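# Observations on chain architecture
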Amino acid sequence: MTVNREYKAVKKTIYFILKDDLVYYPPVLSILKVSTELGWHAVFIGNYADDMQKKQLEAKGVLFKPTVKMSDTASMPKKLIEKLRFRTQVYKYLNELAVTASDYVWLFHSETLCLLHKLVGRYRVIYHPLEFTLPKADWKYRLLSPSLNLSETVRQACKVVCCEYNRAQLTKGIFALDKLPYVLPNKMYVPDEEESAFPSDIRKLVSPILSKLKGKKVILYQGVFLDRERRLEEFCEAVRTLPDEYILVAMGRGSEYYEALKKKYASDRVLFIPFIRPPYHLLITKEASIGVLSYFPDSTSIAGVINPLYCAPNKIFEYARYGVPMISNDIPGLHYLFMQYGCGETVCSPMTTEAICKAIGQIQAHYADYASGAKRYYESVDVKKLIASILSD
């Protein structure tokens, strides 16, 4: 009871709500950290698997309220029940914590908004979709929320935040918003002192990996593995034709595609590393010579086309943090960025192993220039200033 009374006494509180585990969303974690530094009291409603960082945030006053864990493999009826349980838990927490008129409720993901759309009429809601979404909700959410009008709900939100300028323009047009959403790039906020505080279990995991990278030119892919959108076959093939000093490292969340790639390509030249919880994965990132970005449109849906074309990867800032030049397939979201800052090379379609090797050679021939461009891009975005702007009244 003491905790709740203390939180009710605070004038400015942000209630962050995420239906998935926070450990997989570095940009959300960054917003949470920055908001506390800006003087806001933070309450996170959802799950966070990193106990160490969770305790550190709790020491800074962040209150965590756990929710039901969503299962990707459960049957559809069970998934629907989990979503209803999640909604019930969120309503219960917000009622107990007595949200005031000066507080914000920051909702991440369109699915979260669909489940909790009634919050928009009650509180100052910041809607942050993370990915581009269409104005018509999926049938599952229309079933669970029969009164949902997604377009009207988004228009009634206090503020809308997008992770990239083109998506902000598309969101404004499709949802008929009065003004352009705030643009908050997916840049991780990691203070220098935090970067050096790696726990012992992470060091134990990473040390043998680092020993394999010593003296090598590391071409690094980090992120999720999706066979349609994040294709890596060409990069795996390309490294085989490069000199022995080059190796490809693929790091991220496992999937059927991850396992298939690993089975086909794993070797001394192509290393597969499991997901390392952020920000500790940066121990690997800083060893990279070139960072890979792979975003291919998926024609099975409009969102599957728009999201890759105008990608907003947090990994681009993680590469740039250490001055790591980048290489990607040719999409507008990265093509014009690379042109503006000179931080990478795009490979035109069709993407071949020969074209990839040629781009790598171009980067290596002018490495200092590309590295400098990457640093300039990293420093061009002040994520703390942008979040402060969003939270200003």
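Structural notes, computed from the coordinates. (Residues numbered from 1 in each chain as written. Predicted model: local features only at pLDDT ≥ 70, side-chain atom pairs only at ≥ 80, totals over all residues. Heavy atoms only, no water.)

## A few points about the overall build of the protein chain
Within the protein chain one finds 19 helices and 13 strands. Expected size for 393 residues packed as a compact globule is a radius of gyration near 21 Å; at 21 Å, the protein chain falls within 12% of this value. Overall size of the protein chain, expressed as C-alpha extent along the three principal axes, is 60 × 45 × 40 Å. Counting every position in the protein chain, which comprises 393 residues, the buried fraction comes to 56%. A fraction of 68% describes how many contacts in the protein chain between residues 6 or more apart in sequence connect residues 24 or more apart. Within the structure as shown, the protein chain displays about 17600 Å² of accessible surface, and the carbon and sulfur contribution to it stands at 52%. (Helix = DSSP H or I, 4+ residues; strand = E, 2+ residues; numbered from the N terminus. Rg over C-alpha atoms; globule rule 2.2 N^0.38 Å. Buried < 20%, exposed > 50% of the residue type's maximum accessible area, 1.4 Å probe, protein only. Contact = heavy atoms within 4.5 Å. Areas by Shrake-Rupley, 256 points an atom, 1.4 Å probe, with all protein chains shown as cover.)

## Here's the deal with the nonpolar core
With 36 residues, the main nonpolar core has I316, M326 and L334 as its most contacted residues. Of all elements in the fold, only α10 (200-213), β8 (217-222), β9 (246-252), β10 (270-274), α13 (282-285), α15 (314-321), α16 (332-341) and α18 (367-379) reach the threshold of two or more residues within this core. Ignoring sequence-local partners within four residues, the contact set of M326 consists of I290, G291, L293, I316, Y319, A320, F338, C343, G344, E345, I363 and A374. Grouped together as the second largest cluster of nonpolar side chains are 35 residues, L63, Y93, C114 and V154 included. (Core = buried A, V, L, I, M, F, W, Y, C linked by side-chain atoms within 4.5 Å.)

## Side note on the pairing of β10
Of all five residues in β10, four are buried, a share of seventy percent or more. With five bridges joining them, β9 and β10 adopt parallel strand pairing. Paired with M251 across the strands is I273, a residue of β10. As a crossover connection, the stretch from β9 through helix α12 (residues 256-265) into β10 is right-handed. (Pairing = 2+ DSSP bridges. Right-handed = clockwise from strand over helix to strand, strands pointing away.)

## A short note on the sheet that holds strand β13 (residues 344-347)
Across a sheet, strands are paired by hydrogen bonds formed along the backbone, either parallel or antiparallel in direction. Strand order in the open sheet made by the six strands is β10-β9-β8-β11-β12-β13, with parallel pairing throughout. The open sheet has two free edges, formed respectively by β10 and β13, since each of these has just one partner strand. Mean inter-strand twist for the sheet, computed between neighbouring axes without regard to direction, equals 25°. Both β8 and β9 contribute to a ladder of six bridges, which runs parallel. Looking across to β9, one finds that Y221 is bridged to A250. The strands that helix α17 (residues 353-365) touches are β8, β9, β11 (290-293), β12 (326-329) and β13; relative to β13, the one it contacts most, it runs at about 165°. (Axes fitted to C-alpha atoms, helices over the stretch in contact; angles between N-to-C directions.)

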